[in-house]
Amino acid sequence: WTKPLFPRYLATDAATTAPEGSVRVMPLDLWDLQSVRDFAKAFLEEYPRLDILVNNAGIGSDPERQETKQGENIVFGTNFIAHFLLTALLLP
């Protein structure tokens, strides 16, 4: 089992069907807390504020018992720790 690629397809589809310039795709890997930190830093450097944040990415199960780069269970790390960190970093 590897990381699903479907979020990239959704972002690409949104970028191609939305009016020009209204969608910005930025890299974010919830399996790696450093990626979360890098995303938050890049976002805050580019945009003055965040109006809405929907933490909707998640993993339903992990039959292979994988771990995040920081050694946490992949489900707990992705669904809870990464979302908490992302929210905390983006709050004013």
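Keep in mind it's a predicted model, so treat the numbers as computed, not measured.

Colleague: Help me out: how do you make sense of the packing of helix α2 (residues 33–46) against helix α3 (residues 74–90) in this one?
Modeller: Packed helix pairs are specified by the crossing angle of their axes together with the interaxial distance, meaning the distance between the axes. Closest axis-to-axis distance for the α2/α3 pair is 10 Å, and the angle between their directions is 25 degrees. Relative to α3, the element α2 is oriented roughly parallel. As for how α2 packs across α3, the hand of that crossing is right-handed. In this structure, α2 uses L33, V36, R37, F39, A40, F43 and L44 to contact α3, whose residues at the interface are I81, A82, L85, L86, L89 and L90.

Colleague: Hey, could you run me through empty space enclosed by the protein in this one?
Modeller: A water-sized probe, rolled over the atoms, reveals where empty space remains. All told, the structure shown has one cavity of 30 Å³ or more when counted by the stated rule. Contributing to the lining of the largest cavity are L30, W31, D32, L33, T68, Q70, E72, G77 and I81.

Colleague: Mind showing me how you'd approach the packing of aromatic side chains here?
Modeller: Ring pairs (aromatic) are described by centroid distance and by the angle formed between their planes. A complete count under the given rule lists three aromatic pairs for this structure. When the centroid spacing of 4.9 Å and the interplanar angle of 35 degrees are considered together, the rings of F43 and Y47 count as tilted. Here a set of aromatic residues connected by ring pairs shows up, and it is made of F39, F43 and Y47.

Colleague: What exactly am I supposed to notice about the pattern of salt bridges here?
Modeller: A side chain with one charge can pair with a side chain of the opposite charge if their charged atoms come near. The final tally for this structure, using the stated rule, is three salt bridges. Where K69 meets D32, a salt bridge forms, and the shortest distance between an N and an O atom there is 3.8 Å. With a gap of 37 residues between them, K69 in the loop between α2 and α3 and D32 in the loop between α1 (6–17) and α2 connect regions that are remote in the sequence. With its nearest N and O atoms 2.5 Å apart, the salt bridge here joins R49 to D51. Given a relative accessible area of 58%, R49 falls into the exposed group.

About the cut-offs
- Residues numbered from 1 in each chain as written.
- Predicted model: local features only at pLDDT ≥ 70, side-chain atom pairs only at ≥ 80, totals over all residues.
- Heavy atoms only, no water.
- Axes fitted to C-alpha atoms, helices over the stretch in contact; angles between N-to-C directions.
- Helix = DSSP H or I, 4+ residues; strand = E, 2+ residues; numbered from the N terminus.
- Parallel < 35°, antiparallel > 145°, perpendicular 65-115°, else oblique.
- Left-handed = near helix turned anticlockwise from the far one by under 90°.
- Contact = heavy atoms within 4.5 Å.
- 1 Å grid on protein atoms, 1.4 Å probe; cavity = no way out; pocket = protein on both sides within 12 Å on 5 of 7 lines; lining within 4 Å.
- Points joined across faces, edges and corners; volume = space filled by probe spheres on them.
- Phe/Tyr/Trp six-rings, centres within 6.5 Å; stacked < 30°, edge-to-face > 60°.
- Salt bridge = Lys/Arg side-chain N within 4 Å of Asp/Glu carboxyl O.
- Buried < 20%, exposed > 50% of the residue type's maximum accessible area, 1.4 Å probe, protein only.

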